[in-house]
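Observations on chain architecture
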Amino acid sequence: MRKLIILIAAIWNVAEALHAQESKTTYEMNLNETEVIGTRAPLPADKAVRLVQVITKQEIEASSANSVNDLLKLAAGVDVRQRGGFGIQTDIGVNGGTEDQLTILLNGINISNPHTGHLAADFPVNVDDIERIEVIEGGASRVYGCQAFAGAVNIVTRTEKKSSACAHLQGGSYGSFGANAHVSLKTNHFNNRVSGGYARSDGGTSNDDFNKGNAYWNGKYESQLFDATLQAGLSTMNYGANTFYGTGSDSQYEQDRRYLIAAQAEYKGRIHVPVQLYWNRSLDHYVWWRDNPAAYQNFHQTNVYGANLNAYTTWALGKTAVGVEFRRENILSTRLGKEIPEDEQHKYKVPGWDEYYKYKDGRSNVSLYLEHDILFEHLTLSFGVLANHNTAVEGGMKFYPGIDLAWRPAAKWKFYASFNQSLRTPTYTDIYYNGPGLQGNAQLNPEKSTDWHLGASYTGDFFKVQVKGFYRKGTDMIDWVKYPNDTFYTTANSDIDNIGAEALGTFDFTRQWGLNALLQRLTLGYCYNYKYRVDAEQAAKYASRMTFLRHKFVASCNHRIFSKLTAQWDFTLKNREGDFENALTGEHQSYGTYATLDLKMQWAEPHYTFYVQANNLTNHPYYDYANVKQPGVWYTAGVKVAL
């Protein structure tokens, strides 16, 4: 009945808009002026050569997302496997790739973690800090380096147009509470934004309580010829880890810390010269039995130093970009790496603990980039090559070419085709981990892939539709494998091919019916993946085959209820292959097909917003990981106050 009422109201609204044009308010979305990721030299969105999905500020504010990871659930081609609520310990994959095969960027700075992709989604920013999220699907090594194997995610933070301040409070089920705030100071050439947040919960299931905090500063200087940006971030998370890493203990516990400092500058003369310098530190403390940490615990510290120098210019034959990047990845650990001589271990104390690191390792990565973009009225051609050398990989410099093509036969149509080769060096966990039921492999080869993509998009007056197909031929892909007669999983290389298709439709009805339209926005997305392992040993168990996402459908609908009260519905349907042995019953349980429905209702005024929301509204039990049951319905209420 409610859906019928909404439909009737929508029809009435259309009729009213058609016959009362004087009350209609429209606005233009200047997407052509927005530069998106996909090439070394920035291109406007209408000239882009890759299908880039953008989660906009408008979609972010309307969604029921409590974390950056929740926002990525809205992208059809992104697999978000969450182990706890509010973005606690989340793995993110794109188009059938794993969490280790994705590069994550914060304002263009690579914040990926060489320790493990499990910690890559630990962000120092709040949802309220984000302007947009750009998702590029498919191999992108020639643009973002060797770890952009299956795709890249770029989180762009907000820059306020004027000085402001905002506070956000929320609370809800399971003793959950959160607070964050920001202050922005804007002058003629300078723009500073400082933000911080804290959240805690008793958890929706056994031993998945958490508390987390973050602080972030972004300072910008802008002039006609020179831009500079400094950003610094801190995040901390403490959480019960249930059976996250094995069923032998349901009282696991983890503590994570991340520190980030980055500087960016760009000279905007005849030749643009962007420069990046950054440092990332990650501290991880993992406990197998929460009440008895000394029985089994690991400490890890990673330090990543990077420098990226790029230059591009526009001339008679198009845009040319050249670049060089240096990235140093170090790890100190009580378990991962090469053994530190016993008489030197006293030099490597674990911060805040009466413990010492016993192992260490490090590797340097040098990348050279060359790209040329040709822009015609109806055609954009981008081709380039990555020359890469990693000190942990034998064979010297290796080359990874790519070419992307976008053809625009008419104003509203665009067709895409691309070919790209990529690589990924193993994480330190892949190589060295030795723990309950798991054994790393120091003889692993880097992963290599060849990606083909075909796609098309059509942009109407108030909607946009995109479709694409992709094929990834993977060589020496890394997986956790349990061979017959073994009692543990070990990492191994094998050849894996991946094929899939994706469709996305976005409809902004306010552009058709005005800002007072009852039905305002609708997004529909579907992604299909098929993974084929070449020469698979049938008796062996492959971790990726047991958790592979075959189908994903997403739908988001935003509509007015009355006056300034709006509702946002987010629906996700997943079909995940494989099964697992239920630790409680001993029976094999299939992931199968499961769905979640989230609802957010909010009343928005110029200086305050009040909202209530429910995540997993149907209270449907489901698993993203073996034996890690996700919380049932989770209610939250909150208020935002802006000055």
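Computed from a predicted model, the values in this text were never measured in an experiment. (Residues numbered from 1 in each chain as written. Predicted model: local features only at pLDDT ≥ 70, side-chain atom pairs only at ≥ 80, totals over all residues. Heavy atoms only, no water.)

**Quick notes on the overall build of the protein**
Within the protein one finds seven helices and 37 strands. For a compact globule of 643 residues, the expected C-alpha radius of gyration is about 26 Å, and the protein comes in at 24 Å, within 12% of that figure. In terms of overall dimensions, the protein has C-alpha extents of about 80 × 60 × 50 Å along its principal axes. The burial tally for the protein puts 54% of its 643 residues in the buried class. In the protein, 62% of the contacts between residues at least 6 apart in sequence involve partners at least 24 apart. Summed over its atoms, the accessible surface of the protein is roughly 27500 Å², and 60% of this surface lies on carbon and sulfur atoms. If the 62 positive side-chain charges of the protein are averaged to one point and the 66 negative ones to another, these points end up 4 Å apart. (Helix = DSSP H or I, 4+ residues; strand = E, 2+ residues; numbered from the N terminus. Rg over C-alpha atoms; globule rule 2.2 N^0.38 Å. Buried < 20%, exposed > 50% of the residue type's maximum accessible area, 1.4 Å probe, protein only. Contact = heavy atoms within 4.5 Å. Areas by Shrake-Rupley, 256 points an atom, 1.4 Å probe, with all protein chains shown as cover. Lys, Arg positive; Asp, Glu negative; His and termini not counted. Charge placed at Lys NZ, Arg CZ, Asp CG, Glu CD.)

**As for the sheet that holds strand 3 (residues 52-55)**
Taken in spatial order, the five strands of this open sheet run 3-8-9-6-7, and their pairing is mixed. A strand with exactly one partner marks an edge of an open sheet, and here the two such strands are strand 3 and strand 7 (109-110). Where strand 6 (residues 102-106) and strand 9 (residues 151-157) come together, five bridges link them in parallel fashion. The residue bridging Leu102 from the neighbouring strand is Gly151, located in strand 9. (Pairing = 2+ DSSP bridges.)

**Quick notes on the packing of aromatic side chains**
Inspection of every chain in the model, using the stated rule, returns 25 aromatic pairs. With centroids separated by 6.0 Å and ring planes inclined at 65°, the aromatic side chains of Phe562 and Trp603 adopt a geometry described as edge-to-face. Placement of Phe562 in strand 31 (residues 549-562) and of Trp603 in strand 33 (residues 588-604) is noted, with a sequence separation of 41 residues between them. Each residue in the set Trp407, Trp413, Phe415, Tyr458, Phe462, Phe463, Phe507, Phe509 and Trp513 is aromatic and connected to the rest through ring pairs, giving one cluster. Above the ring of Tyr369, the side-chain terminus of Arg40 is found at 3.7 Å from the ring centroid. Taking NZ or CZ as reference, Arg533 lies 3.8 Å from the ring centre of Tyr542, over its face. (Phe/Tyr/Trp six-rings, centres within 6.5 Å; stacked < 30°, edge-to-face > 60°. Lys NZ or Arg CZ within 6 Å of the ring centre and 35° of its normal.)

**Some remarks on a nonpolar patch on the surface**
Taken together, the side chains of Val275, Leu277, Leu309, Val324, Leu368, Met397 and Phe399 make up a nonpolar region of the molecular surface, amounting to roughly 590 Å² of accessible area. Positionally, Val275 belongs in strand 16 (residues 271-287). (Patch = residues over 30% accessible without salt bridge, like charges linked within 9 Å, V, L, I, M, F, W, Y side chains within 5 Å. Salt bridge = Lys/Arg side-chain N within 4 Å of Asp/Glu carboxyl O.)

**With respect to unusual backbone geometry**
In this structure, Asn95 takes a positive phi of about 50° despite not being glycine. Checked against the element boundaries, Asn95 lands in the loop between strand 5 (90-94) and strand 6. Using a relative accessible area of 1% as the deciding quantity, one classes Asn95 as buried. One non-glycine residue with positive phi stands out, namely Tyr174, at about 60°. Residue placement: Tyr174 occurs in the loop between strand 10 (164-172) and strand 11 (176-186).

**Topic: the side chain of Asn69**
Among the structural elements, Asn69 can be located in helix 3 (residues 68-72). Side-chain polar atoms of Asn69 contact the side chain of Thr90, separated by 3.3 Å. In contact with Asn69, not counting residues within four places along its chain, are Val80, Gln82, Gly87, Thr90, Ile92, Ala121 and Phe123. (Polar contact = N/O pair within 3.5 Å; in protein donor to acceptor, adjacent residues only side chain to side chain.)

**With respect to empty space enclosed by the protein**
Applying the stated criterion to the full structure yields 13 cavities of 30 Å³ or more. Taken together, 37 residues make up the lining of the largest cavity; nearest its centre are Asn66, Ser67, Asn126, Val127 and Lys212. Among the elements of the structure, helix 2 (57-62), helix 3, strand 10, strand 11, strand 12 (190-201), strand 13 (210-222), strand 14 (226-242) and strand 34 (608-615) are those that each provide at least two residues to the lining of the largest cavity. Of the residues assigned to the lining of the largest cavity, the class counts are 14 nonpolar, 16 polar and seven charged. (1 Å grid on protein atoms, 1.4 Å probe; cavity = no way out; pocket = protein on both sides within 12 Å on 5 of 7 lines; lining within 4 Å. Points joined across faces, edges and corners; volume = space filled by probe spheres on them. Nonpolar A, V, L, I, M, F, W, Y, C, P; charged D, E, K, R; others polar.)

**Structural notes on the nonpolar core**
Within the largest apolar cluster, 31 residues are counted, with the highest numbers of intra-cluster contacts made by Leu72, Val78, Phe123, Ile130, Ile133 and Ile155. Looking at this core, the elements with two or more residues in it are helix 3, strand 4 (78-82), strand 5, strand 6, strand 8 (130-137), strand 9 and strand 15 (252-268). In this structure, Leu72 is in contact with Ile55, Val78, Val80, Ile92, Ile133, Val135, Val153 and Lys552, ignoring residues within four places of it in sequence. Membership of the second largest hydrophobic core comes to twelve residues, among which are Phe210, Ala241, Phe244 and Val628. (Core = buried A, V, L, I, M, F, W, Y, C linked by side-chain atoms within 4.5 Å.)

**Topic: the confidence of the model for the protein**
For residues with low pLDDT, the predicted coordinates do not support detailed interpretation. A residue-level look at the protein finds 94% of positions with pLDDT of 70 or above and a mean pLDDT of 89. Note that residues 1-33 has pLDDT below 50 and, in this model, 33 contacts with residues that lie over four places away or in other chains. (pLDDT = per-residue confidence, 0-100.)

**Details of the side chain of Thr427**
Here Thr427 is to be found in the loop between strand 23 (413-424) and helix 5 (428-432). A relative accessible area of 5% places Thr427 in the buried class. Of note is the side chain of Thr427, whose polar atom sits 3.1 Å from the backbone nitrogen of Asp430. Thr427 has contacts with Asp100, Pro114, His115, Thr116 and Arg363, leaving out every residue within four places of it along the chain.

**Considering the pairing of strand 22 (residues 398-407)**
One ladder, built from ten bridges, connects strand 21 (residues 379-390) with strand 22; its direction is antiparallel. Residue pairing in the sheet places Phe383 in a bridge with Ile403 of strand 22. Inspection of the sheet shows strand 22 paired to strand 23 by six bridges, in the antiparallel sense. Following the sheet pairing, Asp404 is matched in strand 23 by Ser418. What sits between the antiparallel neighbours strand 22 and strand 23 is a turn of five residues.

**Section: the environment of Lys482**
Residue position: Lys482 is located in strand 27 (residues 463-482). Spatially, the C-alpha atoms of Lys482 and Tyr542 are 6.6 Å apart, while their sequence positions differ by 60 residues. Beyond its immediate sequence surroundings of up to four residues, Lys482 is in contact with Thr487, Phe488, Tyr489, Ala540 and Lys541.

**A word on the pattern of salt bridges**
For the coordinates displayed, the defined rule picks out 28 salt bridges. Close ionic contact of Lys268 with Asp227 constitutes a salt bridge, the shortest N to O distance being 3.1 Å. Taken as a pair, Lys268 in strand 15 and Asp227 in strand 14 lie far apart in primary sequence, 41 residues in all. Residue Lys268 is classed as partly exposed on the basis of its relative accessible area, which comes to 25%. Three or more residues joined by partner-sharing salt bridges are found here, namely Arg50, Arg142, Glu371 and Asp404.

**A few points about the environment of Ala517**
Mapping Ala517 onto the fold places it in the loop between helix 6 (510-513) and strand 29 (519-533). What makes Ala517 buried here is its relative accessible area of 0%. Linking Ala517 and Asp256, residues 261 residues apart in sequence, is a C-alpha distance of 45 Å.

**Comments concerning the environment of Asn434**
Following the sequence through the fold, Asn434 ends up in strand 24 (residues 434-435). Considered as a pair, Asn434 and Thr490 are 56 residues apart in the sequence and their alpha carbons are 9.1 Å apart. When near neighbours in sequence (up to four residues on either side) are disregarded, Asn434 contacts Tyr296, Arg335 and Gln439.

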